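Structure at a glance
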Amino acid sequence: MMMEPLSSVPSDDFDDNHPEWAEKARVLFAQECTFLRGVVDESGLVSFGLPEIAFAGRSNVGKSSFINALTNRKSLARTSNTPGRTKEINFFSLAEKIVLVDLPGYGYAKASHKAVDSWNRLIFDYLKGRPSLRRVFLLIDSRHGVKPNDEEVMTLLDKSAVNYQIILTKIDKIKTHELEQTIASIQKIAHKHPACHPQVIATSSRDSHGLENARLEVFKIALKAS
Ligand code: GTP
Ligand code: MG
């Protein structure tokens, strides 16, 4: 299916959502999503000439599952019960318009120091020096909240002036009142970080909750870049 050019929708104000954008976002994600490349060291970080959105977060937070849920694919990105599954930076092209980037998780205690050092270096190299990077979705497990290594990444992104937004994952695992408290406390943290988007998106890849909101954000980023 061919997609309408993204630029055919009004582009005056990206903060106000236009009613037709939700459908356009759905159509964007119904298009082909293909694996481009897995990168294990800095030398592999070539440019794809498209805007990028990266999915970052602690190990096992649900990054790969979230990419699969967003793109309606079961196994585009490899997921696992074992933390530390994603060991490369994996790049996927969505509709040849935007690149989705599945990062290895940080903070995986059981891996060897050497492995953690090399993954962290790769993630940090990528996050701070990528001109095509339009936004980082920083995934936070709704049961655990923001941990010190998440704050470290937030500070790095502030310093590198990389726009980022918090996505709460696995909300199927917590009660509604807990979710409300978690969102309130995370919003307070978000306000302290200059490069952090004020809106927190609550999601469950298992229940497909909140995915439309995240798709809309991706659509708006693709639209801005077109
Ligand atoms: P690394 O690549 O190791 O950093 O992990 P990751 O962040 O990519 O996590 P992954 O998507 O592999 O998921 C880790 C575990 O969490 C798997 O067992 C998933 O099934 C589970 N999981 C992911 N999303 C959800 C969710 O929305 N709800 C529930 N209940 N479990 C989830
Ligand atoms: Mg993963």
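Residues numbered from 1 in each chain as written. Chains lettered and ligands numbered in written order. Predicted model: local features only at pLDDT ≥ 70, side-chain atom pairs only at ≥ 80, totals over all residues. Heavy atoms only, no water.

Moving on, we come to the overall build of the protein. A count of helices and strands for the protein gives six helices and seven strands. Element order for the protein, N to C, with α for helix and β for strand: α-β-β-α-β-β-α-β-α-β-α-β-α. Contacts in the protein between residues far apart in sequence, at least 24 positions, make up 73% of those at least 6 positions apart. Here the protein displays about 11300 Å² of accessible surface, and carbon together with sulfur accounts for 48% of that area. (Helix = DSSP H or I, 4+ residues; strand = E, 2+ residues; numbered from the N terminus. Contact = heavy atoms within 4.5 Å. Areas by Shrake-Rupley, 256 points an atom, 1.4 Å probe, with all protein chains shown as cover.)

Let us now look at the sheet that holds strand E4 (residues 98–102). Across the sheet, which stays open at both edges, the seven strands sit in the order E1-E3-E4-E2-E5-E6-E7 with mixed pairing between neighbours. In the strand order of this sheet, the two ends are held by strand E1 (33–39) and strand E7 (201–202), each with one partner. Two strands pair when backbone bridges link them, and strand E5 (residues 133–141) and strand E6 (residues 164–169) are joined in this way by six bridges, in the parallel orientation. Among the inter-strand pairings, Val136 is bridged to a residue of E6, identified as Tyr164. Strand contacts of helix H2 (residues 63–70): strand E2 (52–57), E4, E5 and E6, with the helix running at about 140 degrees to E2, the strand carrying the most contacts. (Pairing = 2+ DSSP bridges. Axes fitted to C-alpha atoms, helices over the stretch in contact; angles between N-to-C directions.)

Before going further, it helps to spend a moment on the packing of aromatic side chains. Both the distance between ring centres and the angle between the ring planes are used here to describe each pair of aromatic rings. Under the defined criterion, the tally for this structure stands at six aromatic pairs. Lying over the aromatic face of Phe29, Arg215 brings its terminal NZ or CZ to 5.8 Å of the ring centre. (Phe/Tyr/Trp six-rings, centres within 6.5 Å; stacked < 30°, edge-to-face > 60°. Lys NZ or Arg CZ within 6 Å of the ring centre and 35° of its normal.)

Here helix H4 (residues 148–159) spans 17 Å end to end across twelve residues, near enough to the 16 Å set by a 1.5 Å rise per residue. Here H4 has its buried residues at Asn149, Asp150, Val153, Met154, Leu156, Leu157 and Asp158. Among the residues trailing H4, Ala161 stands out with phi positive, at a value near 55 degrees. (Expected span 1.5 Å × (residues − 1). Buried < 20%, exposed > 50% of the residue type's maximum accessible area, 1.4 Å probe, protein only.)

Moving on: helix H5 (residues 176–191). The terminal C-alpha atoms of H5 lie 23 Å apart, and with 16 residues this matches the ideal 22 Å at 1.5 Å per residue to within 8%. Among the residues of H5, those classed as buried are Leu179, Thr182, Ile186, Ile189 and Ala190. Seen along its axis, H5 keeps its buried residues to an arc of 95 degrees; they face one direction. Exposed residues pointing more than 90 degrees away from the buried face of H5 are listed as Glu180, Gln181, Lys188 and His191. (Arc of directions from axis to C-beta.)

This part is about the packing of helix H1 (residues 21–30) against helix H6 (residues 211–225). In contact at an axis separation of 9 Å, H1 and H6 are set at 85 degrees when each is read in the N-to-C sense. As far as their axial angle goes, H6 and H1 are roughly perpendicular. Here Trp21, Ala22, Lys24, Ala25, Leu28 and Phe29 of H1 come into contact with H6, specifically with Arg215, Leu216, Val218, Phe219, Lys220 and Leu223. (Parallel < 35°, antiparallel > 145°, perpendicular 65-115°, else oblique.)

Time to look at the pattern of salt bridges. Here the structure, examined in full by the defined rule, presents six salt bridges. Of the charged contacts in the structure, one is a salt bridge between Asp141 and Lys170, with a shortest N-O distance of 4.0 Å. Here Asp141 is found in strand E5, whereas its partner Lys170 is found in the loop between E6 and H5, with 29 residues between them in sequence. Each of the salt bridges in this network shares a partner with another, and the network as a whole consists of Arg135, Glu217 and Lys220. (Salt bridge = Lys/Arg side-chain N within 4 Å of Asp/Glu carboxyl O.)

By the secondary structure assignment, Arg130 is in the loop between helix H3 (113–128) and E5. On the basis of relative accessibility, which here comes to 11%, the residue Arg130 falls in the buried class. Not counting residues within four places of it along the chain, the set of residues in contact with Arg130 comprises Leu45, Val46, Ser47, Phe48, Glu52 and Phe91.

This next bit is on the confidence of the model for the protein. Taken as a whole, the protein shows an average pLDDT of 88; of its residues, 88% reach a score of 70 or greater. Low pLDDT, under 50, characterises residues 7–12; the predicted model gives this stretch twelve contacts beyond four residues in sequence or across chains. (pLDDT = per-residue confidence, 0-100.)

Now for the nonpolar core. Core analysis: the largest hydrophobic core is formed by 38 residues, its most contacted members being Ile89, Leu103, Tyr126, Leu127 and Val136. At the level of secondary structure, the elements contributing two or more residues to this core comprise E2, strand E3 (89–94), E4, H3, E5, H4, E6 and H5. Ranked by residues supplied to this core, first place goes to H3 with five residues. The residues contacting Leu127, other than those within four sequence positions of it, are Leu103, Leu133, Val136, Val153, Leu156, Leu157 and Val162. Ranked by size, the runner-up nonpolar core spans 30 residues in total, among them Phe66, Ala77, Leu216 and Val218. (Core = buried A, V, L, I, M, F, W, Y, C linked by side-chain atoms within 4.5 Å.)

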